[in-house]
Amino acid sequence: PTSAQVNVVPHSGRFCYTLDNDLLTTEQRQFYEDNGYLLIRNLISDEDIERFRKEFTRICKREVKPPGVMIMKDESLKSQFGQSEKVVNKVQDFQEDEELFRYCTLPEVLKYVECFTGPNIMAMHTMLINKLPDSDKQTFLHPMHQDLHYFPFRPASRIVCAWTAMERAHQDNGCLVVQPGTHKTALKPHGYPEWEGKTNKLFHGLLDEDEKIPKVHLVMEKGDTVFFHPLLIHGSGINRTSGFRKSISCHFASSECHYIDVKNTTQEHLEKELQEMVCKKYNATSVELKDIWNFRARLVQGERINL
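What counts and what doesn't
Residues numbered from 1 in each chain as written. Predicted model: local features only at pLDDT ≥ 70, side-chain atom pairs only at ≥ 80, totals over all residues. Heavy atoms only, no water. UniProt positions renumbered as here; feature names shortened; annotations may be inferred. pLDDT = per-residue confidence, 0-100. Contact = heavy atoms within 4.5 Å. Buried < 20%, exposed > 50% of the residue type's maximum accessible area, 1.4 Å probe, protein only. Helix = DSSP H or I, 4+ residues; strand = E, 2+ residues; numbered from the N terminus. Pairing = 2+ DSSP bridges. Lys, Arg positive; Asp, Glu negative; His and termini not counted. Salt bridge = Lys/Arg side-chain N within 4 Å of Asp/Glu carboxyl O. Core = buried A, V, L, I, M, F, W, Y, C linked by side-chain atoms within 4.5 Å. Polar contact = N/O pair within 3.5 Å; in protein donor to acceptor, adjacent residues only side chain to side chain.

Per an unreviewed UniProt entry, the chain is named Phytanoyl-CoA dioxygenase, peroxisomal, and its organism is Irena cyanogastra. Database annotation for the chain, UniProt heading Pathway (unreviewed entry): "Lipid metabolism; fatty acid metabolism." Word for word, the UniProt comment on the chain under Sequence similarities (unreviewed entry) is "Belongs to the PhyH family."

What follows is the structure in structure tokens.
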């Protein structure tokens, strides 16, 4: 069984994945319904992006140490570059960093998020990705996956990711790759791909990828933002340039979503892996998956109800 099977919610009317709103055009709503993503050009200002970039550098240099933040590095580069952005490929769970968390509260982001979640909005999962140059080892190739695999809350249609390019993202530097329409499928089994020695911790991918489904490379300019459904199959290629490809993102959910038990589902092994990581980091004996997400979640608009 897959835990996505518990999210069957009766929908009335023509639109299943967006709520009635005064912002999206009928064409935009229909595009999201059909494809599972919507690209909004030039949404975030250069000024905000520069502020996020500066804060990322401060975190890499350990000038600031936000509680709960997870810094993912390429350990093989540490001896060469020490504590710098040249070794950090991801800053995750930055919800306690005031400067980076501003991204999740920007009115221009939330007005779009509300079209998918409704007015009571939680920021559930935050990431700033710094895709390192990586032409040989493919360490930072993110296999095709569905984000719902990581989330123990439902319904899926009231969850949306906002992903903003912090510089031009294209095929050479590892832009997002999506398979349009796959948000209409069930949650599929995920695990570590069989790339010996080339996989980052928790970079799970589809165990059975359908190569026949067309892929679209999302070429994005600085400040462009894509909103996508948590069942949309997506990933990113390797960065074949000498520069870094940065993006900032947050998964938002309606606070009216509810937690589910992932035992006896395809998500059970992920729960165990996360629990082991958290227990090791915080020297705890046991922790519930729901507690991990309660710790990460922050209200950004409206009222906190379930999550």
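That was the structure; now back to the text.
Asks: So what's going on with the confidence of the model for the chain? Residues and values would help.
Replies: For the chain, the average pLDDT comes to 87, and 86% of its residues sit at 70 or higher. Contacts of residues 1–12 to residues separated by more than four positions or lying in other chains number 23 contacts, the stretch itself having pLDDT below 50.

Asks: Kindly report on the pairing of strand β3 (residues 88–92), identifying the contributing residues and their values.
Replies: Judged by how many residues are buried, β3 sits mostly within the fold: five of five residues are covered. Note: β3 against strand β4 (residues 121–131), three bridges, orientation antiparallel. By the bridge assignment, Val 91 is partnered in β4 with Leu 128.

Asks: How would you explain the side chain of Asp 97 if you had to name every residue and give the values?
Replies: Here Asp 97 shows up in the loop between β3 and α4 (98–105). Despite its burial, Asp 97 remains without a salt bridge, the nearest opposite charge being carried by Arg 58 at 6.4 Å. Aside from chain neighbours lying at most four places away, what touches Asp 97 is Glu 55, Ile 59, Val 64 and Pro 66.

Asks: Before we move on, can you summarise the nonpolar core with the specific residues and values?
Replies: Among the nonpolar cores identified, the biggest contains 40 residues, and Tyr 103, Cys 104, Val 109, Phe 227 and Phe 252 are the most heavily contacted of them. Among the elements of the structure, β1 (37–40), α2 (46–60), β3, α4, α5 (107–117), β4, β7 (159–165) and β14 (245–254) are those that each provide at least two residues to this core. For this core, the leading source of residues is α5, giving six residues. Contacts of Tyr 103, omitting those with residues within four sequence positions, involve Ile 44, Phe 52, Val 109, Ala 162, Trp 163, Thr 164, Thr 225, Ile 248, Ser 249 and Cys 250.

Asks: Can you break down the side chain of His 183 residue by residue, with the values?
Replies: Within the element layout of this structure, His 183 appears in the loop between β8 (176–179) and β9 (190–191). In this structure the side chain of His 183 is engaged in a polar contact, spanning 3.5 Å, whose partner is the backbone oxygen of Tyr 32. If we skip the residues at most four places from it in the chain, His 183 touches Tyr 17, Tyr 32, Glu 33, Asp 34, Asn 35, Gly 36, His 229, Leu 231 and Leu 232.

Asks: So, the sheet that holds strand β13 (residues 233–236): which residues are in play, and what are the values?
Replies: Read across the open sheet, the four strands follow the order β5-β13-β8-β11; overall the sheet is antiparallel. Either end of the sheet is taken by a strand with one partner, and the two such strands are β5 (142–145) and β11 (216–217). Of the strand pairs in this sheet, β8 and β13 are connected by four bridges, and their pairing is antiparallel. Counted as the bridge partner of Val 178 is His 234 from β13.

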